[in-house]
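Here's the letter readout for the chains.
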Amino acid sequence: MGNLTGPGKPFATGKRPYERVRTADFNGDGRPDLVTTNLDDNTVSILLNDGKGGFRGAADPAGVFPWAVAVDERNGELAAIPYDRDIRDPKQLVVTVLINDGKGSFRDSKPLSLAVCRGPDRIASSEGVIAVTCASNNKLFVFEGETTSVLDVPTGWSGLAIGDLNGDGKPDIVVANNTPDAPHGLTVLFGK
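Predicted model only: the values in this text are computed from it and were never measured.

Student: Please explain the packing of aromatic side chains as it appears in this structure.
Tutor: Each aromatic ring pair is characterised by the separation of its centres together with the angle its planes make. Tallied over the entire structure, the rule returns four aromatic pairs. With 5.5 Å between their ring centres and 80 degrees between their planes, F26 and F106 make a pair best called edge-to-face. Taken together, the positions of F26 in the loop between β1 (17–24) and β2 (33–38) and F106 in strand β8 (residues 106–108) put the pair 80 residues apart, joining distant regions of the chain. Judged by its relative accessible area of 10%, F106 falls in the buried class. Where W67 meets Y83, the ring centres are 5.4 Å apart and the plane angle is 65 degrees; that geometry is what we call edge-to-face. With W67 in strand β5 (residues 66–72) and Y83 in the loop between β6 (77–82) and β7 (94–100), this pair connects stretches of sequence that are 16 residues apart. Given the relative accessible area of 6%, W67 is considered buried.

Student: I would appreciate a short explanation of the pairing of strand β10 (residues 120–126) in the present structure.
Tutor: For a regular strand, side-chain orientation follows a simple rule: the groups alternate between the two sheet faces. Among the seven residues in β10, six count as buried, and that is most of the element. Alignment of β10 against strand β11 (residues 129–134), held across five bridges, turns out to be antiparallel. The partner of S125 across the bridge, within β11, is I130. Linking β10 to β11, which pair antiparallel, is a turn of two residues; within it E127 sits at a positive phi near 55 degrees.

Student: Help me out: how do you make sense of the pairing of β2 in this one?
Tutor: With five of six residues buried, β2 is to be regarded as a mostly interior element. Relative to strand β3 (residues 43–49), β2 runs antiparallel, the two sharing five bridges. The residue bridging L34 from the neighbouring strand is L47, located in β3. Counted along the chain from β2 to the antiparallel partner β3, the turn is four residues long, and its residue N42 has a positive phi close to 60 degrees.

Quick notes on the rules
- Residues numbered from 1 in each chain as written.
- Predicted model: local features only at pLDDT ≥ 70, side-chain atom pairs only at ≥ 80, totals over all residues.
- Heavy atoms only, no water.
- Phe/Tyr/Trp six-rings, centres within 6.5 Å; stacked < 30°, edge-to-face > 60°.
- Helix = DSSP H or I, 4+ residues; strand = E, 2+ residues; numbered from the N terminus.
- Buried < 20%, exposed > 50% of the residue type's maximum accessible area, 1.4 Å probe, protein only.
- Pairing = 2+ DSSP bridges.

Here's what the structure looks like:
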């Protein structure tokens, strides 16, 4: 990190890019691109890397008040969750999945309902599995294909990751526990 120089170069995004920035190769050119949610204009900004220190951007619709975003490295799909405090219509409390066209542009797919989720906080996506923690009511939503599972897990406002932890070729989910009843530790859910 000692080789970084400031003050840094700004790149335009949508309105109020939120704290959840991710990288992935969205257009298949072998270079890492950037994505961030734009809370105030209901989009994600995709910034494609030109390989010369520059990024060119485009905004794609991402549901209402997109707050957090996850990237499935396998297919470059994005999944975004809303900032639920701003939602007025409960039907808008969904995961918005954006399908990558392989060139750095995205289109919506069917939204995934978070109907009993309170305080969606973290989202992770890998190998076709999407997981969302619900910090205010300690629920974990897991979406895999047409199946939705809702589990009671001590999430609180904490971390979430998906990976094959036991080498069986199936995605496993890790949730950091951050509640008064479970203030320390991790919950690991192994894929079947």
